[in-house]
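Listed below are the residues making up each chain.
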Amino acid sequence: MQVKFRTKKLRKQYESKKAATKAYGPEVAKKYVQRIGIIKQTASLEELQAQHPLRCHALKGDRQGEWAINLTGFMRLIFTFKDEELTIVCIEEVSKHYDD
């Protein structure tokens, strides 16, 4: 899949370990870069969903149309698809699973 980023900041956090660590801490930063690498190497949504540790799933409610991948227990990577063939992914944000 092709990966795009909603913001320059999200791209920089992917390209720079230091920027990612500053924003999210070392554990989430490592998983952020790792998960985007997995998305890039994946050919289809079905293949992404088959990788159970990722917990790739569609979001509901006001986040309908967005997808999430687990980073850690409470942190997740939110993304959307930018084409009907589901081959272009846009990284939207990293957020807490529960907005506490």
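In this report, we go over the structure that sits alongside the text. Quantities reported herein were computed from a predicted structural model and do not represent experimental measurements.

## Things to note about helix H3 (residues 26–41)
- Along its 16 residues, H3 runs 23 Å from first to last C-alpha, staying within 8% of the 22 Å computed at 1.5 Å per residue.
- When we look at burial in H3, the residues that qualify are Val28, Ala29, Tyr32, Arg35, Ile36, Gly37, Ile38 and Ile39.

## Notes on the state of the cysteines
- All chains considered together, the criterion is met by zero disulfides.
- Free cysteine cysteine 90: the closest other cysteine sulfur is in cysteine 56, separated by 15 Å.

## Focus on the sheet that holds strand E2 (residues 57–58)
- Taking strand neighbours across the sheet as the criterion, the five strands line up as E1-E5-E4-E3-E2 in an open arrangement whose pairing is mixed. On the outer flanks of this sheet lie strand E1 (2–5) and E2, each paired with one strand and no other.
- In terms of strand pairing, E1 meets strand E5 (residues 88–96) through four bridges, oriented parallel. Bridging from a neighbouring strand, valine 3 pairs with valine 89 of E5.

## Looking at the environment of leucine 71
- Along the chain, leucine 71 turns up in the loop between strand E3 (67–70) and strand E4 (75–81).
- Spatially, the C-alpha atom of leucine 71 lies 14 Å from that of leucine 48, the residues being 23 residues apart in sequence.
- In this view, leucine 71 contacts Val28, Lys31, Tyr32, Arg35, Arg76, Leu77 and Val94; residues no more than four positions away in its chain are not counted.

The rules behind these values
- Residues numbered from 1 in each chain as written.
- Predicted model: local features only at pLDDT ≥ 70, side-chain atom pairs only at ≥ 80, totals over all residues.
- Heavy atoms only, no water.
- Helix = DSSP H or I, 4+ residues; strand = E, 2+ residues; numbered from the N terminus.
- Expected span 1.5 Å × (residues − 1).
- Buried < 20%, exposed > 50% of the residue type's maximum accessible area, 1.4 Å probe, protein only.
- Disulfide = S-S within 2.5 Å.
- Pairing = 2+ DSSP bridges.
- Contact = heavy atoms within 4.5 Å.

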